[in-house]
Amino acid sequence: MEAITLAGIARRVLDELLRSPYKTLEIRGARNVIALERARELGRVFITYETFQDVTVGTEGLLAEILRLESMEQRIPWEESDEREVTVCRAQVRLLGLGRIVEVRKRNTVLVVRVREMLPQEMDIG
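Residues numbered from 1 in each chain as written. Predicted model: local features only at pLDDT ≥ 70, side-chain atom pairs only at ≥ 80, totals over all residues. Heavy atoms only, no water.

Engineer: Describe in detail the packing of aromatic side chains, supporting the description with residues and values.
Structural biologist: As enumerated under the stated definition, the model contains 0 aromatic pairs in all. Note that Arg11 overlies the ring of Tyr49, its terminal NZ or CZ placed 3.8 Å from the centroid. Above the plane of the ring of Phe52 lies Arg31, whose end atom (NZ or CZ) is 3.7 Å from the centre. (Phe/Tyr/Trp six-rings, centres within 6.5 Å; stacked < 30°, edge-to-face > 60°. Lys NZ or Arg CZ within 6 Å of the ring centre and 35° of its normal.)

If you want it as structure tokens, here you go:
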């Protein structure tokens, strides 16, 4: 199965998604925001706690389907000026299963991965 990678996601978020298969993720990191925009076409994401640089063949994570995607701008106070604008993506996802990467391709700044679905007893996560 092919998916776009969301990397560096907190383990707590992965645990919550395992407990409740429907979750809304709020993504602020620039690389993951771009990945979500590209994932709109594919409709699936591979979510892992590994950093972008550490994602390789064998990396484990969760496969999820994107149900709804919403981008917004937020203004936050900033030390050097009055405020700073940050793009935030909210993605409502549905857990499809557990997976391990079998192939990684980099398209611009986005990692497109092919994932083998796994059974819970095969996972080392957590």
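Engineer: Quick rundown of the pattern of salt bridges? Include the residues and the values.
Structural biologist: The tally for this structure, following the rule as stated, stands at 11 salt bridges. Here Lys23 makes a salt bridge to Glu16, at a shortest N to O gap of 2.8 Å. The exposure class assigned to Glu16 is partly exposed, which follows from its relative accessible area of 22%. Each of Glu2, Glu103, Arg105 and Arg114 takes part in a single network of salt bridges with overlapping partners. (Salt bridge = Lys/Arg side-chain N within 4 Å of Asp/Glu carboxyl O. Buried < 20%, exposed > 50% of the residue type's maximum accessible area, 1.4 Å probe, protein only.)

Engineer: Give me the lowdown on unusual backbone geometry, citing residues and values where you can.
Structural biologist: Leave glycine aside and you will find that most residues have negative phi; peptide bonds, for their part, are mostly trans. Positive phi is not limited to glycine here, since Asn108 has a value of about 55°. Examined against the element boundaries, Asn108 turns out to sit in the loop between β5 (83-107) and β6 (110-118). (Helix = DSSP H or I, 4+ residues; strand = E, 2+ residues; numbered from the N terminus.)

Engineer: So what about the pairing of strand β1 (residues 2-6)? Which residues, and what values?
Structural biologist: The buried fraction of β1 is high, at 4 of 5 residues. Looking at chain direction, β1 and β6 are connected through 3 bridges and run antiparallel. Looking at the pairing, Ala3 lines up with Val113 of β6. (Pairing = 2+ DSSP bridges.)

Engineer: Go over helix α1 (residues 11-19), please, and point to the residues and values.
Structural biologist: Owing to its 3.6 residues per turn, the α-helix brings residues three or four apart onto one side. Taken residue by residue, α1 has Val13, Leu14 and Leu17 as its buried positions. The buried residues of α1 occupy an angular sector of 100° when the element is viewed end-on, so they sit on one face. Opposite the packed face of α1, turned more than 90 degrees from it, sit the exposed residues Arg12 and Arg19. (Arc of directions from axis to C-beta.)

Engineer: Summarise the confidence of the model for the chain; cite the residues concerned and give the values.
Structural biologist: With 87% of its residues at a pLDDT of at least 70, the chain reaches an overall mean of 88. Mean pLDDT values over the elements of the chain span from 85, in strand β4 (residues 60-77), up to 96, in strand β3 (residues 44-47). (pLDDT = per-residue confidence, 0-100.)

Engineer: Which residues make up the side chain of Asn32, and what are the values?
Structural biologist: As for its position among the elements, Asn32 is in helix α2 (residues 30-42). The class of Asn32 is buried, set by a relative accessible area of 12%. Among the polar contacts listed, one links the side chain of Asn32 to the backbone oxygen of Ala7, at a separation of 2.8 Å. Excluding residues within four positions of it along the chain, Asn32 makes contact with Thr5, Leu6, Ala7, Ile9 and Ile27. (Polar contact = N/O pair within 3.5 Å; in protein donor to acceptor, adjacent residues only side chain to side chain. Contact = heavy atoms within 4.5 Å.)

Engineer: An account of the side chain of Thr48 is needed here, citing residue identities and associated values.
Structural biologist: If you trace the backbone, Thr48 turns up in the loop between β3 and β4. According to the relative accessible area criterion, Thr48 is buried, its value standing at 0%. At 3.3 Å, the side chain of Thr48 forms a polar contact with the backbone nitrogen of Glu50.

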